[in-house]
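Observations on chain architecture
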Amino acid sequence: MPWIQLRLQANEETAEKYSDWLSAAGAQAVTFIDAQDTPIYEPLPGDEVIYWANTVVMGLFDAAHDMDKVISYLKSIHPDKAEMAYKLEQLEDKDWEREWMDNFHPMKFGERLWICPSWREVPDPEAVNVMLDPGLAFGTGTHPTTALCLTWLDGLDLTGKTVVDFGCGSGILSLAALKLGAKKVIGIDIDPQALQASLENAKRNGCEDRLELYLPKDQPSLKADVVVANILAGPLKELAPTIIEFVGDNGLLALSGVLENQAPELQTIYGQWCAMDPIQVQDEWVRLSGVRS
Ligand SMILES: C[S@@+](CC[C@H](N)C(=O)[O-])C[C@H]1O[C@@H](n2cnc3c(N)ncnc32)[C@H](O)[C@@H]1O
């Protein structure tokens, strides 16, 4: 089906309001992009969504929609009628789902590990292959924060090890650890949907009997050989005492979801308990790691 996209220039105060207006005008989907390409990260449950200072709100309309009416409607409620900055774009008639699937390829991390979508041929059947399709929970391998953790896990000898995956999302790191030889993984997430996604993905990979999943309120107390936490700098800071409790003596720890300018503070906090390695950077994201001393 052909589509028309209406782009409205907004800012952090107006973005939410414009999104409501576009939905009320009949948009089938509304998305936000940052005009300056600042990275977005998912908000924590219960947190307010932070919009960029220079946001574009985009409404997707079926091409048969009367866009003159939409524009008149928006102008009728816009405080600066004449000044309302917008752009209409005709989107090519493509099978968008097909196009998206065509663009999602198996990805290799480190020396041995591949994340493979189910509709593609596995490039190396002898490699460590995690079968994973994008779903509702975060974690496909395309985000640098996940990639940094996958590469780290690939570089470890996980044979027989117990691993904690704090903020497991889709379960991508848990599954990678299990396929790389871990005896058991404990996945923890604040979002029940993430736990469900992790379980389903574990079943697809035949690993569900070695994966335990918990909401934070039910998390067990244990010492793991390896702990990985890809959440945001804020929770990594707040939850430092909780996360560190999972790391056994000489256990390994990796933290991700941290921007470069947030790394020094976290290095200091976790440096209280661990001998920290130099940080690893991918795009503007960093991974911190260390050994509990
Ligand atoms: C960036 S995703 C990481 C997903 C996956 N581990 C990966 O590396 O791609 C962060 C996950 O942490 C979860 N999360 C956020 N805050 C949390 C908290 N305080 N306790 C447990 N999980 C949390 C979110 O629900 C989300 O699934």
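Residues numbered from 1 in each chain as written. Predicted model: local features only at pLDDT ≥ 70, side-chain atom pairs only at ≥ 80, totals over all residues. Heavy atoms only, no water.

On to unusual backbone geometry. Phi angles above zero are rare outside glycine, and Asn250 is one such case at about 60 degrees. As for its placement among the helices and strands, Asn250 is situated in strand β12 (residues 247-259). Given a relative accessible area of 60%, Asn250 falls into the exposed group. Despite not being glycine, Asp283 shows a phi value in the positive range, around 50 degrees. Summarising the element assignment, Asp283 is placed in the loop between β14 (280-282) and β15 (285-292). (Helix = DSSP H or I, 4+ residues; strand = E, 2+ residues; numbered from the N terminus. Buried < 20%, exposed > 50% of the residue type's maximum accessible area, 1.4 Å probe, protein only.)

Attention shifts here to the site of the ligand. Taken together, 20 residues form the shell around the ligand, and within it Thr146, Gly167, Asp189, Asn230 and Ile231 come nearest. In the model, an oxygen atom of the ligand is placed 2.8 Å from a nitrogen or oxygen of the Asn230 side chain. Counting residues domain by domain, the shell around the ligand receives three or more from each of domain 1 (3-93) and domain 2 (137-292). (Near = heavy atom within 4 Å. Polar contact = N/O pair within 3.5 Å; in protein donor to acceptor, adjacent residues only side chain to side chain. Domains from an automatic or database assignment.)

For the pair helix α4 (residues 144-154) and helix α5 (residues 172-179), the least separation of the axes is 10 Å and the interaxial angle reads 15 degrees. Considering their axes alone, α4 and α5 lie roughly parallel with respect to each other. For α4 against α5, the interelement crossing comes out right-handed. Between α4 and α5, the contacting residues are Thr146, Cys149, Leu150 and Leu153 on the first element and Ile172, Leu173, Ala176 and Ala177 on the second. (Axes fitted to C-alpha atoms, helices over the stretch in contact; angles between N-to-C directions. Parallel < 35°, antiparallel > 145°, perpendicular 65-115°, else oblique. Left-handed = near helix turned anticlockwise from the far one by under 90°. Contact = heavy atoms within 4.5 Å.)

Spatial ordering of the open sheet is given by β5-β6-β7, a layout of 3 strands whose pairing is mixed. If you trace the sheet from one side to the other, it starts and ends with β5 (107-109) and β7 (128-131), each paired once. Put simply, the sheet's adjacent strands are angled 25 degrees from each other on average, direction ignored. Contacts from α4 reach β5 and β6 (113-116) within the one sheet, and its direction differs from that of β5 by about 55 degrees. Contacting β6 and β7, α5 crosses the sheet at an angle of about 150 degrees to β7. (Pairing = 2+ DSSP bridges.)

Looking now at the UniProt feature "binding site: S-adenosyl-L-methionine" (unreviewed entry) in the protein chain. UniProt annotation of "binding site: S-adenosyl-L-methionine" (unreviewed entry) refers to Thr146, Gly167, Asp189 and Asn230 when read in the numbering used here. Relative to the elements of secondary structure, Gly167 occurs in the loop between β8 (162-166) and α5. Beyond its immediate stretch of four places on either side in the chain, Gly167 contacts Ile188, Asp189, Asn230 and Ile231. By the secondary structure assignment, Asn230 is in strand β11 (residues 224-230). (UniProt positions renumbered as here; feature names shortened; annotations may be inferred.)

This brings us to the packing of aromatic side chains. Scanning the model with the defined rule gives 3 aromatic pairs in all. Here Phe166 and Phe246 contribute two aromatic rings whose centre-to-centre distance is 6.3 Å and whose plane-to-plane angle is 50 degrees, an arrangement assigned as tilted. Taken together, the positions of Phe166 in strand β8 and Phe246 in the loop between α8 (240-245) and β12 put the pair 80 residues apart, joining distant regions of the chain. Phe246 shares its class with Phe166; the two are buried. (Phe/Tyr/Trp six-rings, centres within 6.5 Å; stacked < 30°, edge-to-face > 60°.)

Counting 31 residues, the largest nonpolar core has Leu113, Leu150, Leu153 and Leu158 as the members making the most contacts within it. Residue contributions to this core peak at 6 residues, all from α5. Beyond its immediate sequence surroundings of up to four residues, Leu150 is in contact with Phe109, Leu113, Ile115, Gly141, Ile172, Leu173 and Ala176. Ile231, Ile243, Leu253 and Tyr270 belong to the second largest nonpolar core, which has 26 residues in total. (Core = buried A, V, L, I, M, F, W, Y, C linked by side-chain atoms within 4.5 Å.)

With respect to the helices, strands and loops of the structure, Thr146 is situated in helix α4. Look past the residues within four positions of Thr146 in its chain and what remains in contact with it is Phe138, Gly139, Gly141, Ile172, Leu173 and Asn230.

Okay, the pattern of salt bridges next. Summed over all chains, the structure comprises 8 salt bridges. In this structure, Glu89 engages Lys87 in a salt bridge whose closest nitrogen and oxygen atoms are separated by 3.8 Å. A salt bridge links Arg112 to Asp154, with the shortest nitrogen-to-oxygen separation between them at 3.4 Å. Of the two residues, Arg112 is situated in the loop between β5 and β6 and Asp154 in helix α4; the sequence distance between them amounts to 42 residues. Judged by relative accessible area, which is 32%, Arg112 ranks as partly exposed. Where salt bridges share partners, they join Arg7, Lys87 and Glu89 into one cluster. (Salt bridge = Lys/Arg side-chain N within 4 Å of Asp/Glu carboxyl O.)

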